[in-house]
Amino acid sequence: MSTDQDVATSARAGEWSEEQLLADVEAAPRGPRIGAFFDFDGTVIDGYSLAAFARHHLRSLHVTPADLGQLLLTGLRGVTTEEDFEKFTVAGMKAWAGRSEDELVELGERLFVQGIAGSLYPEAWRLVTAHLRAGHTVVLASSATRFQVEPAARAMGVDHILVSPVEITDGICTGRPGGPLLWRAGKAGAVRTFAEEHGIDLARSFAYSNGDEDVPFLRTVGRARALNPGSGLATAARHYSWPIARFRSRGRGGPTELLRTAAGIGGLLGGFAAGVALGALNGSRREAVDLGITLGGELGSALAGVRLDVQGAEHLAHRPAVYLFNHQSQLDVLVLAKLLRGGFTAVAKKELANSPGFGLMFRLADVAFVDRGDPAKARQALEPAVQRLREGISLVIAPEGTRSATPNLGPFKKGAFHVAMQAGVPIVPIVIRNAGELMWRGASTIQSGTVQVRVLPPVSTEGWTLPQLGAKVEEVRGLYLDALADWSGRGTRPVEVTEADADDEGAAPPATALDWGISAEMNPLETAMWRAEVADPRLRSNVTLLELLEPAPDWERLRAAHEWASRMVPRMRQRVVEPALGVGAPRWATVAELDLDRHLHRVRLDEPGSMRQLLDVVGEFAAAPLDRDRPLWEVLFVEGLADGRAGYVVKTHHSTTDGLGAVQLMSLLHSRTAEHDPSRPEPPVPLPDDASPVGVLRDQIVGTAKSVPLAALRRGVEALSGLRRPWEAATSAVEAARAAGSTLAPPKGGGSDLLTPRGGGWHFEVAEVPLADLKAGSKAAGGSLNDGFLAAVVGGFRRYHERLGAPAGTLTLGIPISLRAQDDPQGGNRFTGARLPASLAEPDPATRIKAIREFVLSARNASGSGVLDDLVGPVLGWLPASVLGALSGSLTSGNDVQVSNMPGVSHPVYIAGSRIVRMFPFGPLPGCAAMITLLSHEDTCCIGLNVDAAAVTDPAGLLADLQAGLDEVVALGR
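All values reported here derive from a predicted model rather than from experimental measurement.

Chemist: Whenever I open this one, the sheet that holds strand β3 (residues 160–162) confuses me. Can you help?
Modeler: In spatial order, the strands read β3-β2-β1-β6-β7-β8; together these six strands make up an open sheet with parallel pairing. Lying at the two open borders of the sheet, with one neighbouring strand each, are β3 and β8 (244–245). Here strand β2 (residues 137–141) runs beside β3; their pairing, made up of three bridges, is parallel. Note on β3: the bridge partner recorded for A141 is L162.

Printed below as a string of structure tokens:
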């Protein structure tokens, strides 16, 4: 199987190994036009670089505990927007105020060596190295500052960093940001700007991150990879079919690691002591030491859970020799003991001579202790080692002199090479690949695993001279570099260099799915709509869109468009998994296979193919319940309309999206041209989920248990903050209570007696009005289009009541209020509701518009406009369906009519080659008498009426009355 095939197979599995990530880089085009953008905190390093600075400032009293507490409180409140992040960053930068730029640069370098370097993921290091070897333009892109990121970039050989700027004035830090911060949209924008300036082809470039705030950043490239993702990013990765890889944590070990470490050290020292004692019976100190090293290495490694994978073990037979090893970790002592099993001595820093346990062991083994700060004494300390070599005892030494702060191989000192030359013995290079991954610099615990070791063929020192020594040292160091770079052996194969070119379309990776419907679970409002209809079928929440197509499209092309759409919108391939016991939030799970024949239906009308016939077919289709075990959408294609037109009907469940989300989706999926676009994105089929009811409930319970303490702490923080501004806090509480009353309380005085009966049946009607005319009439009375539309609806029902002889009382209108913020994800439901008690006695449309305008502005500006979500929402997911049905029915059936208005598309759009000439929306009837929805399409307001036939006994008459109400408003603008 080829590398490309391996990678494709891995992508279907979803979870990638390090080897697959590296193979993916190797298979990609080469050259600087391919970018590799790495997030830093949590992606390249385990944890946050800011923590090292915070610890330093606290120890050095550069930041007071109060300031540090404020930083923590800011974080506990939650960082969800750019504004939140700016506050958090400013709090962190406060400690830098008044310090020089040079001082901060030096501090960053020192903290990197002392702490941050120890948290570098070796897997990420090798991934960066693979990109550099491929000639890619590698960039560390981080919301952190250059003082945190630049030392790591320099150590990794990365030339480019994108970071949040720090304000420096006359060489002194002000403690404030120096410009836009690289967080969420800011980081994505910085990457696009960098790519444009450096000629980077983003469609074929790579990006790596661990946080869900970096979804916009990851979406800037064609090859996004989620490394060590949290739950939010893991959900996004499944949505976009991004590979996921997880690296071994570099954090502190738990009880298991502590016990393993204690057992390993105890086994090493105890085994050595036992071996020395047994060997002493033979009267040979050397044999005793060798037996002690052998037993200590075997027992210590077994108890520590450390295994060796050794290549080239046959080269260890060359003795005596100077064994060189690259020093990665304190674990190297155990590795070398197990590997060499005696017959050697070593060189160690003088500080270890007095180390408890190890000091005695090293002295018994005749280890040479050197003073690394005094070269003359160090050379003197090595002289006995020459004699030991001549006596047949090998020498083990780290030519770097000390452990490297990073996986980089440090420069080699000449001491070991001098010793080998003087003794006339060969040098045997021992290359340790990953001991630092099992016990990294600064770690106090050992992780279990396999240490990979490669023993290279002996290097003869015969004929070496002092003038040649520097070159010989570099030659041997080059052997280490080659071995570490090509450990897997991939580098031994010829590499076909493919320089990325602007016209090279064949190398472009598959496009990702749309940024729509990304949430993994239903929110409380969606859960309520999903479960309420189980208890009361009258509360079914099907949402329907009728499009009139001209001319009728080809069926096979229309069918193919839905297969493509199901890859662009993964929600179309997802079903709902209810948690066991029917409590908790339902989860969306991708099905293994989408059967289009279960979702696409086709009918033909009998002649003459009128609009009334179409609406009757659409109403029956829309009212039928969706299959709750399949993805929640169905399409009906209606042929036989007059003039060669066709009806295209899309039915979804309201728990999938609200009206604005549906409009977003249609605008994304519909084409601007009738012709097929050969360059359209072609995402892969989303990976299936294996979610089960029991598993979903378990995850919900665990997640809730974990979140409750933090949520309580955040609430406490907010309460403490409120004590600093008691009047403001009290005012907010009163406003929230007032908003809750207006939202949750039943309408005062009741509604329309005429519209009281409920039968649950659906009947559809449609109306139209020119968009410009309705806008002009509304504006003439000082209102918006929405205000004018509401006034027209009230006017229509006023006429309806008059015509049927009903009293002109109060009409209770339910109005949705969108809670969507600009950076909210598309799709899903983000709205609350308000009740408008409209008088049917007012004949003047202008007066109605003014009154409605005042009410709507008040409802939108109320501080508690989202109070239903805030107060009731968290509870809804844990209520059984029967309770939800009763609660939902009591909230919505109190409305006589629900009215919604949505902006549509203002330009021509097409589907499967046919132009969409009209779009009529039909909302569900959640216990009310009528649902009236307006959707603007090009220059026309398309209005869909869904009425309960038991409440509205004359739907055709109501349609005429509504048209008259629209005409009243339109007339105001003429």
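There is more to say after this.
Chemist: How do you make sense of the state of the cysteines when you look at a structure like this?
Modeler: Cysteine pairs can be covalently joined through their sulfur atoms, and such a bond is termed a disulfide. Counted by the stated rule, this structure contains zero disulfides. Cysteine C941 remains unbridged, with the sulfur of C942 as its closest cysteine sulfur at 7.7 Å. Exposure remark for C941: the relative accessible area of 0% places this residue in the buried category.

Chemist: Just checking my understanding: could you explain the sheet that holds strand β19 (residues 600–604) for this structure?
Modeler: Strand order in this open sheet of six strands is β19-β20-β21-β16-β27-β26, and the pairing throughout is mixed. Two strands lie at the open edges of the sheet, namely β19 and β26 (910–911), each paired on one side alone. Pairing geometry for β26 and strand β27 (residues 914–922), over two bridges, is antiparallel. Bridge pairing links I911 to S914 in β27.

Chemist: Just to check I follow, could you spell out helix α17 (residues 415–423) for this structure?
Modeler: In an α-helix there are 3.6 residues to a turn, and that puts residues three or four apart on one side. Three or more residues of α17 are buried, namely A416, F417, V419, A420 and A423. Looking straight down α17, one finds that the buried residues subtend no more than 160 degrees of arc, so they occupy a single side. Backbone geometry just after α17 places G424 at a positive phi near 70 degrees.

Chemist: Help me understand the nonpolar core in this model?
Modeler: Core analysis: the largest hydrophobic core is formed by 48 residues, its most contacted members being F38, F40, V44, W96, L127 and L140. Where this core is concerned, the elements lending two or more residues are α2 (18–27), β1 (35–38), α3 (49–59), α6 (101–114), α7 (122–133), β2, α8 (146–156) and β6 (206–209). Looking at this core element by element, the count peaks at six residues for α8. If we skip the residues at most four places from it in the chain, V44 touches F38, D39, S119, L120, Y121, A124, L140 and M156. Grouped together as the second largest cluster of nonpolar side chains are 43 residues, L785, I849, A951 and L958 included.

Chemist: Hey, could you run me through a nonpolar patch on the surface in this one?
Modeler: Taken together, L278, L281, L291 and L295 make up a surface patch of nonpolar side chains, about 370 Å² in accessible area. Within the secondary structure, L295 sits in helix α13 (residues 285–304).

Chemist: I keep staring at the confidence of the model for the protein chain and nothing clicks. Help me out?
Modeler: Close inspection of predicted coordinates is inappropriate in any region flagged by low pLDDT. Of the residues in the protein chain, 80% reach a pLDDT of 70 or more, and the chain-wide mean stands at 83. With pLDDT under 50 throughout, residues 502–507 is counted as low confidence; its partners more than four residues away or in other chains account for six contacts. Every residue in residues 726–734 scores below 50 in pLDDT, and together they form two contacts with partners more than four places removed in sequence or on other chains.

Chemist: Help me understand the packing of α2 against α7 in this model?
Modeler: A pair of packed helices is captured by two measures, namely the crossing angle of their axes and the spacing between those axes. For the pair α2 and α7, interaxial distance at closest approach is 9 Å and the crossing angle is 15 degrees. Between α2 and α7, the angle is such that the two are roughly parallel. The handedness of the crossing between α2 and α7 comes out as right-handed. Packed against α2, whose contacting residues are E18, L21, L22 and V25, the element α7 presents E123, R126, L127, A130 and H131 at the interface. Partitioned by chemical class, the residues of the contact of α2 with α7 number five nonpolar, one polar and three charged.

Chemist: Please explain the packing of aromatic side chains as it appears in this structure.
Modeler: Each aromatic ring pair is summarised here by two numbers: the centre-to-centre distance and the angle between the ring planes. Inspection of every chain in the model, using the stated rule, returns twelve aromatic pairs. Summarising the aromatic geometry, the rings of F38 and Y208 are spaced 4.4 Å apart at their centres and angled 15 degrees between planes, so their arrangement reads as stacked. Residue F38 is found in strand β1, and its partner Y208 is found in strand β6; the two are separated by 170 residues along the sequence. Like Y208, F38 is buried. When the centroid spacing of 4.1 Å and the interplanar angle of 0 degrees are considered together, the rings of F764 and F922 count as stacked. With F764 in strand β22 (residues 762–770) and F922 in strand β27, this pair connects stretches of sequence that are 158 residues apart. A network of ring pairs unites the aromatic residues F38, F206 and Y208 as a single cluster. Its guanidinium or amino end placed over the ring of F217, K187 lies 4.9 Å from that ring's centre, counting from NZ or CZ.

Chemist: Could you clarify how one ought to interpret the side chain of E765 in this entry?
Modeler: Within the secondary structure layout, E765 lies in strand β22. Here the side chain of E765 touches R612 through a polar contact of 3.0 Å, side chain to side chain. Beyond its immediate chain neighbours, meaning those up to four positions away, E765 contacts R612, L615, F922, I943, G944, L945, P955, A956 and L959.

Chemist: In this structure, what is going on with the environment of G927? I would like to understand it.
Modeler: Note on placement: G927 falls in the loop between β27 and β28 (930–937). According to the relative accessible area criterion, G927 is buried, its value standing at 14%. Through-space distance from the C-alpha of G927 to that of D948 is 8.8 Å; in sequence the pair is 21 residues apart. If near-sequence neighbours (up to four positions away) are discounted, G927 is found in contact with R538, L539, R758 and S893.

Chemist: Explanation requested: the pattern of salt bridges in the structure shown.
Modeler: Opposite charge on two side chains makes pairing possible when the charged atoms of those side chains draw close. One pass over the full model with this rule turns up 44 salt bridges. The partner of E639 in a salt bridge is R604, and the shortest N-O contact between them spans 3.7 Å. One end of the pair, E639, is in strand β20 (residues 633–639); the other, R604, is in strand β19, with 35 residues separating them in the sequence. Its relative accessible area of 13% is what places E639 among the buried residues. With its nearest N and O atoms 3.0 Å apart, the salt bridge here joins R853 to D787. Of this pair, R853 sits in helix α28 (residues 845–861) while D787 sits in helix α27 (residues 785–803), and the two are 66 residues apart along the sequence.

Chemist: Would you take a moment to explain the pairing of strand β25 (residues 897–902) for this structure?
Modeler: Working note: regular strand, side chains alternate between the two faces of the sheet. With respect to burial, β25 is a largely interior element, five of its six residues being buried. In the sheet, strand β23 (residues 810–818) pairs with β25 via two bridges, with the strands oriented parallel. Paired with G814 across the bridge in β25 is Q898. Two strands pair when backbone bridges link them, and β25 and β28 are joined in this way by six bridges, in the parallel orientation. Bridging from a neighbouring strand, V897 pairs with A930 of β28.

Chemist: How should I be thinking about unusual backbone geometry in this particular structure?
Modeler: A negative phi angle characterises most non-glycine residues, just as the trans form characterises most peptide bonds. Cis geometry is adopted by the peptide bond preceding P320, which originates at R319 and carries an omega value of -5 degrees. Counting through the fold element by element, P320 comes out in the loop between β9 (306–311) and β10 (322–325). Of the consecutive residues E607 and P608, the connecting peptide bond is found in the cis state with omega at 15 degrees. Relative to the helices and strands, P608 resides in the loop between β19 and α22 (611–623). In this structure, S241 is a non-glycine residue whose phi angle is positive, near 60 degrees. Secondary-structure assignment places S241 in the loop between α11 (231–240) and β8. Exposure remark for S241: the relative accessible area of 21% places this residue in the partly exposed category. The phi angle at D643 is positive, at roughly 65 degrees, despite the residue not being glycine. Mapping D643 onto the fold places it in the loop between β20 and β21 (646–653).

About the thresholds
- Residues numbered from 1 in each chain as written.
- Predicted model: local features only at pLDDT ≥ 70, side-chain atom pairs only at ≥ 80, totals over all residues.
- Heavy atoms only, no water.
- Pairing = 2+ DSSP bridges.
- Helix = DSSP H or I, 4+ residues; strand = E, 2+ residues; numbered from the N terminus.
- Disulfide = S-S within 2.5 Å.
- Buried < 20%, exposed > 50% of the residue type's maximum accessible area, 1.4 Å probe, protein only.
- Arc of directions from axis to C-beta.
- Core = buried A, V, L, I, M, F, W, Y, C linked by side-chain atoms within 4.5 Å.
- Contact = heavy atoms within 4.5 Å.
- Patch = residues over 30% accessible without salt bridge, like charges linked within 9 Å, V, L, I, M, F, W, Y side chains within 5 Å.
- Areas by Shrake-Rupley, 256 points an atom, 1.4 Å probe, with all protein chains shown as cover.
- Salt bridge = Lys/Arg side-chain N within 4 Å of Asp/Glu carboxyl O.
- pLDDT = per-residue confidence, 0-100.
- Axes fitted to C-alpha atoms, helices over the stretch in contact; angles between N-to-C directions.
- Parallel < 35°, antiparallel > 145°, perpendicular 65-115°, else oblique.
- Left-handed = near helix turned anticlockwise from the far one by under 90°.
- Nonpolar A, V, L, I, M, F, W, Y, C, P; charged D, E, K, R; others polar.
- Phe/Tyr/Trp six-rings, centres within 6.5 Å; stacked < 30°, edge-to-face > 60°.
- Lys NZ or Arg CZ within 6 Å of the ring centre and 35° of its normal.
- Polar contact = N/O pair within 3.5 Å; in protein donor to acceptor, adjacent residues only side chain to side chain.

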